[in-house]
Structures are given as C-alpha cells and as structure tokens.
Amino acid sequence: MTSFALVLFRWKDIFVKWPAVYGNSTDIVPDTLGPSSTLFGYDSSKRLVAFVDFFQPIAGEWWEAWLNQLRKQIPWDGFVLEDNEPAALTSKSETTVGLVCPKNSTLESPKYSPSAVDVWNSKEATNLLSDETICMVALHKIENATYRHYDVHNIYGHSQAVSTKNAIWKLTGKRGFLISDSSFAGTGTVAGAWFKTSLKESVPTAIRQSIISALEFNLFGMTAAGGSAEVFPVNASDCIKWQVFTTFHILAKSVVTSCSMDSNTASFAPVRKAIDTRFLLLPYLYTLFFHGLMEGEAIYRPLFFEYGTKLHNRNVLDIDDQFFWGSGVMFAPSLENNPTRSVYFPHDTFYQIDSGMKIVGDTRRKPVDMPENQMAVFLRAGYIIPTQPRLGAMSTSAARRNPFSLLIALHEHSDGSAVANGNLFWDDGESLGKM
C-alpha cells in the first residue's frame, strides 16, 4: 500500500496550504504544518488529515484515480460526502487536540461576524470563523489565482461534489448516486443533500421544521433532499411517527437502528404501510424528477405553489404541516396521537388514497380520520398517477419489474363531464446520454 508520505510527495500540490508566513510561526501547532506547506487538521478521531483543494483540475484527476482504486476493492455505485464543509476539530484550549488558527487575523475575527458563529459555537469555542473548520487564511488555487479559504468556504463542499460526480460518470458510465453534506447554489445539478432536524423539542415541531427545510431545498434547486435527525426521540411511538413522515421525503432514510422501535412488533405496521405507499408512488416520483431536470420544477412543494392567494384565502401561505409531491398528491403527516387530524383543503376536490373518499375543499380545515402514526395521502382531482405496487420487492430495482397501474382522480365539471390528465417518464434508470 502506498504510504501517506509518498502520496503527499506525488500529489503535493493538490492540498490546501498554509501561507508562507506561517512556515516558522509559533501561532500554529507544528503538527499541522505538513510538507510543501500543506495544512493538516484533525478529524473526529483526532487523526491528522490533509484537505484536497478540489478547485484545481489536477485534484479532480487525483480524486478520480483514488476512487477508481477503491472501486477495484469495493464495487461502489455512489457516495455520501460527509463532513465536507470542510469539518475539522479546532483547539478550544492548550490542553485539547485541534487545529489552531491565527487569532490576530482579521479573516478569523472580522468586524461583522455572521450570526451562525454564535449559534453553532459552544461556550468553550474560540468564536473564530474557523471554529470546527479549517483556518480562514488557508490557501486555495483557482486557475492561476490564489484565494483564502475565507473567500471559498461556502463552495468547498460544492467543489468536491462536482469532482465526485464527474468521476462517477467517467468510471461507471452511469448516473450514479451522490449525496453531499455541504451544498451551495447549483449543487443540485450533481448531488442531493441531507438536512438535519433536531427532535429535542417535540416530534410535531420537528416535522413542521423538516417540511420547511425540504421546501427550501427544493426552492434552491436541490430536489433530491431528505431529512435526518440529530437527536432521536426515546418514545417508540414518536420514533414511528418520525419514520413514517421521513419516508415521504424525496430522500428517505431509515432510523430503525437509531431509534427506539422494534420492526417485528405490530406497532411497526404504520412504517411498513408507509414504505409500501412510497414504493407504489415511485413511478410518479420518477416522472417528477424528469420534469424537475428538464423544466426546473420543484418536486416537494408547498400548498401556495399550487393555490395562489387570488383564488384562495391567505391562510394557504401559513400551511407548514402539509406538502405536495408535484401537483397531484398531497400529504398530511400525523402530528398528535389523536384519531382525527385537521387538514387544510384548498378550493379543489381530493380523494383519499386508501378509501377513495371524496373531499371537496373550501379553503378551510376539515377533520380527517387519522390512524395513529400514519400519513394521510390525498389524490388531487384531475390527475392520473402512474403506480407500481411493491408486491414484496425489497429494492427499487426489483420493484421496477412489477406491473404498472393507474390511479385516476377525475375532475368533475358542472355539465356532468369529467377529465383527468397525467404522464409517465420511464427509462432504465441509470444510463447516461440523451433522453
């Protein structure tokens, strides 16, 4: 196996650097000054790590070569890029291990500091911009110019996502799968994203916050986005409620191993039902991705995207506990442990996906039967939803081989006629090239 020192020597110019002035400085920890002024930081396990300068084309070549070597050992299909803010342990005191950044630099302590510094930093933090990341004075190369990390911090994760996606396309010849912790405007063209929600307060509050985050990410062009949790509830019922809800994020993530629930018990039935419903609607969701790619449409939508205030009262702007997939399917998650749930229905007609019950909306909330911890799903009148039943499939690859069916929600006119429209995009799901 190639030694780390040899890798550094061969690819010595692809890493983030210290400015030359810090070559003999006592302001930094000696261990963090590597060969050719390479900046070393500490990861969460307190190991020294270098940071690839993904803004350089040569760094993309190195990354591709490394991923190709990895693929010979592990046949990967895609990646989740974690801690690519970039994250690094920073020293809070003389006795703690971490990267020490020059405190007298105006880049570390600007006159006007972002409010996030106070939000994210603990009482023991240094209150520098570099807390939990690398030093703002660190150097990057972009074409023939040199930039401080202060200038490019927000797009560092984006640069890694672009390099990674290019490598996936070249090495596999397929679309691949890529998720990035850190993102910026435009990252949605190459990667999806996890966003984190704290469940410290209550699950209903977390669900509302997570819906808002998902809507925002879709507005930013990050259609492939889903919610994770930083703190999981200890109550099994709340765990199931959260799992059912997140199953209907565009990116769904299982929390079974992180939460207090047993998949072998009867109480887990709502989760199984949610997964079955998600599988059922995958052809519709896949078609929405096609329209999102070709036309820039949001997939996960707030109600006011579909119903403007001219035809509906302004209450539609305040709905933060419901959402749409595209224009045809509306979701209302379980919030409380009650047999009914208050659901806002715009001036339109809807059909419950389970019972087929018709609901005529009048821009007010209506009580809807809500079995404990389940998701209420409504089809909007006038839409045809392509579906594929799960039929025991344990993967999307297997589910794609199941027969298609159509859910048709007719929009009835006053003259007795009825109409519904829909479309389906379908391909092999992985090939590159023209549609």
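This text goes with the structure placed above it.
The rules behind these values
- Residues numbered from 1 in each chain as written.
- Predicted model: local features only at pLDDT ≥ 70, side-chain atom pairs only at ≥ 80, totals over all residues.
- Heavy atoms only, no water.
- Core = buried A, V, L, I, M, F, W, Y, C linked by side-chain atoms within 4.5 Å.
- Buried < 20%, exposed > 50% of the residue type's maximum accessible area, 1.4 Å probe, protein only.
- Helix = DSSP H or I, 4+ residues; strand = E, 2+ residues; numbered from the N terminus.
- Contact = heavy atoms within 4.5 Å.
- Axes fitted to C-alpha atoms, helices over the stretch in contact; angles between N-to-C directions.
- Parallel < 35°, antiparallel > 145°, perpendicular 65-115°, else oblique.
- Nonpolar A, V, L, I, M, F, W, Y, C, P; charged D, E, K, R; others polar.
- Phe/Tyr/Trp six-rings, centres within 6.5 Å; stacked < 30°, edge-to-face > 60°.

J.: What should I look at first to understand the nonpolar core in this one?
T.: The nonpolar side chains of a soluble globular protein tend to be buried, and buried together. Judged by nonpolar contacts, the single largest core of 43 residues is most densely connected at Phe 245, Tyr 300, Phe 323, Trp 325, Val 329, Phe 331 and Met 375. Of all the secondary structure elements, the ones that give two or more residues to this core are β7 (193-198), α6 (203-219), α7 (236-246), α8 (269-295), β10 (323-325), β11 (329-333) and β16 (375-380). Examining the composition of this core, we find that eight residues originate from one element, α8, more than from any other. Discounting chain neighbours no more than four positions away, the residues touching Tyr 300 are Ile 211, Ala 214, Leu 215, Asn 218, Phe 245, Phe 248, His 249, Ile 250, Phe 323, Phe 324 and Trp 325. Core analysis: the second largest hydrophobic core is formed by 37 residues, Trp 18, Leu 70, Val 152 and Leu 171 among them.

J.: I'm lost on the packing of α7 against α8 in this one. Help?
T.: Two numbers describe a pair of packed helices, the interaxial angle and the distance between the axes. For the pair α7 and α8, interaxial distance at closest approach is 9 Å and the crossing angle is 0 degrees. One element, α7, and the other, α8, form an angle in the roughly parallel class. Residues Ile 240, Gln 243 and Val 244 of α7 touch α8, and the partners they reach there are Pro 270, Val 271 and Ala 274. Across the contact of α7 with α8, the residue classes break down as five nonpolar, one polar and no charged.

J.: It is not clear to me how the packing of aromatic side chains should be interpreted in this structure. Could you clarify?
T.: Both the distance between ring centres and the angle between the ring planes are used here to describe each pair of aromatic rings. Applying the stated rule across the entire model yields 24 aromatic pairs. Seen from their ring centres, Phe 248 and Trp 325 are 6.2 Å apart, and the 55 degrees between their planes marks the pair as tilted. Taken together, the residues span a long stretch of sequence, with Phe 248 in the loop between α7 and α8 and Trp 325 in strand β10 at a distance of 77 residues. Here Trp 325 falls in the buried class, since its relative accessible area comes to 0%. Judged by centre distance (6.1 Å) and plane angle (50 degrees), the rings of Tyr 307 and Phe 324 are tilted. Linking Tyr 307 in the loop between α9 (303-306) and β10 with Phe 324 in strand β10, this pair joins segments that are 17 residues apart in sequence. There is no split in this pair, since Tyr 307 and Phe 324 are both buried.

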